[in-house]
Amino acid sequence: MYVSPTLYCGGCVNQYFYRFSFTRVALCMLVLHYIVEAVFHTARLLHFGDKTDMSVTGFMVWNVMFVLVRLGSITLAVLTFWYGLEQTGRDKIDIPTGNFNTQLVRINCLAAVGLLQAWMMWNFITFHLKRMRERSTAGAKRKEKKTKGKPEKDDDSNTDADEAVSPPENGTVRSRHRRH
C-alpha cells in the first residue's frame, strides 16, 4: 500500500503543532491543504471515469490552487509566528500552563512550515517538468514515425524499379485469382 511522503512529513508537522499548542494555525493550514487535495482527487476520479474534459479542467484548477495554497500557507505562517504570536511571547517555556510561545519555538515552527511547503512545491515542479519532458519525447517519437512512414523521393531516381518492395507472402489478390 502506497502512502504519500507528504502524509508522513505533514503528520510530523501537525504533531509538532499539537504538542506546542498551535492547533488553530495547524487547523487553518490543514483546511487549505485538504481542500486542494479534494479537488485533486475529484479530478482523478473524473479522469478514471473517462470524463476527460472535466478532468482536464479539474487538474488545471488543482495546479493553480496548489501553488496559491502553498503561498497562502507560508503567508499565514509568517503572519502568525513572526508577527502575531510575538506580541504575547514569553522568555521561557511554561510547561504546566502549556505556553510554548517563545522565539525559538516560533522560529522552528516557521522553519518547519517553510521547509514543508518548499518540499511540496519542489515535488510539484519536478513532477510537471518530468511530465513535460515525457510529452516532448513522445511527440518527437510520433513525428519520427510519421517521417519514417513516408519515404523521401530523390530527384535523380524517377523510376519505381529502384524501390525494392517485397511482395506479400501469399501474393496479391490478382495473383491468387489467376492461380485458382
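This write-up is about the structure you can find in this document. (Residues numbered from 1 in each chain as written. Predicted model: local features only at pLDDT ≥ 70, side-chain atom pairs only at ≥ 80, totals over all residues. Heavy atoms only, no water.)

**So, the overall build of the protein**
Here is the rule we go by: Secondary structure elements follow DSSP: runs of H or I of four or more residues count as helices, runs of E of two or more count as strands, with numbering from the N terminus. Only protein chains enter the accessibility calculation, which uses a 1.4 Å probe. A residue is then buried if its area is under 20% of the maximum for its type, exposed if over 50%, and partly exposed in between. Residue exposure ignores everything except the shown protein chains as possible cover, and the areas themselves are Shrake-Rupley values with a 1.4 Å probe.
Scanning the protein from terminus to terminus reveals five helices and zero strands. Mapped in sequence order, the helices and strands of the protein form the string α-α-α-α-α. Expressed as a percentage of the 180 residues in the protein, the buried residues total 22%. Accessible surface, the protein: about 14,300 Å² in total, of which carbon and sulfur atoms supply 61%.

**Description of the packing of helix α2 (residues 23-48) against helix α3 (residues 52-84)**
Under the convention used in this document: To obtain an axis, a line is fitted to C-alpha atoms, over the contacting stretch when the element is a helix, and the angle between two such axes runs from 0 to 180 degrees between their N-to-C directions. An angle counts as roughly parallel when it lies under 35 degrees, as roughly antiparallel when it exceeds 145, as roughly perpendicular when it falls between 65 and 115, and as oblique in every other case. When residues are sorted by character, Ala, Val, Leu, Ile, Met, Phe, Trp, Tyr, Cys and Pro go into the nonpolar class, Asp, Glu, Lys and Arg into the charged class, and all the rest, Gly among them, into the polar class.
Between α2 and α3, the shortest axis-to-axis distance is 9 Å and the interhelical angle comes to 170°. By the angle class used here, α2 and α3 are roughly antiparallel. Considered class by class, the residues forming the contact of α2 with α3 number 20 nonpolar, six polar and two charged.

**Comments concerning the packing of aromatic side chains**
The following threshold applies: Paired rings are identified among Phe, Tyr and Trp, the last through its six-membered ring, by centres lying within 6.5 Å, and are further divided according to the angle between planes into stacked (under 30 degrees), edge-to-face (over 60) and tilted (the rest). Only when the NZ of Lys or the CZ of Arg is both within 6 Å of the ring centre and within 35 degrees of the ring normal is a charge said to sit over the ring.
Inspection of the entire model under this criterion finds five aromatic pairs. Ring geometry for Trp 62 and Phe 66: centres 5.5 Å apart, planes at 55°, overall tilted. Of this pair, Trp 62 and Phe 66 both sit in helix α3, four residues apart, roughly one helical turn. A single burial state applies to Trp 62 and to Phe 66, both of which are buried. Taking 5.5 Å as the distance between ring centres and 70° as the angle between the ring planes, the aromatic pair formed by Trp 62 and Phe 124 counts as edge-to-face. With a gap of 62 residues between them, Trp 62 in helix α3 and Phe 124 in helix α4 (residues 103-149) connect regions that are remote in the sequence. Every member of this aromatic cluster is reached through a ring pair, and the members are Phe 40, Phe 59, Trp 62, Phe 66 and Phe 124. Over the ring of Phe 66 we find Arg 70, and its NZ or CZ is 4.4 Å from the ring centre.

**Comments concerning the nonpolar core**
Going by this rule: The criterion is simple. A nonpolar core is a set of buried Ala, Val, Leu, Ile, Met, Phe, Trp, Tyr and Cys residues joined through side-chain atoms within 4.5 Å.
With eleven residues, the main nonpolar core is built from Phe 17, Phe 22, Val 25, Ala 26, Met 29, Ala 77, Phe 81, Val 105, Cys 109, Leu 110 and Val 113. Looking at this core, the elements with two or more residues in it are α2, α3 and α4. At four residues, α4 tops the list of elements feeding residues into this core. Among the nonpolar cores identified, the runner-up in size contains eight residues, and Phe 66, Val 69, Met 121 and Phe 124 belong to it.

**Points about a nonpolar patch on the surface**
Our working definition: Patch criteria: residues need more than 30% relative accessible area and no salt bridge. Like-charged residues are merged within 9 Å; nonpolar side chains of Val, Leu, Ile, Met, Phe, Trp and Tyr are merged within 5 Å. Salt bridge, as applied in this entry: a Lys or Arg side-chain nitrogen positioned within 4 Å of an Asp or Glu carboxyl oxygen.
On the surface, Leu 79, Trp 82, Tyr 83 and Ile 107 cluster together into a nonpolar patch covering about 420 Å² of accessible area. Per-element tally for the nonpolar patch: the top contributor is α3, with three residues. Along the chain, the position of Leu 79 falls in helix α3.

**Topic: α2**
Since the α-helix turns once every 3.6 residues, residues separated by three or four places project in the same direction. The test is simple: Here, expected helix span is obtained from the residue count minus one, scaled by 1.5 Å.
Between its first and last C-alpha atoms α2 spans 36 Å; for 26 residues at 1.5 Å apiece the expected length is 38 Å, and the two agree. Within the span of α2, buried status applies to Val 25, Ala 26, Met 29, His 33, Val 36, Phe 40 and Ala 43. Just beyond α2, the residue with positive phi is Asp 50, at close to 60°.

**Things to note about unusual backbone geometry**
One non-glycine residue with positive phi stands out, namely Asp 50, at about 60°. Its place among the elements puts Asp 50 in the loop between α2 and α3. On the basis of relative accessible area, Asp 50 is assigned to the exposed category, the value being 65%.

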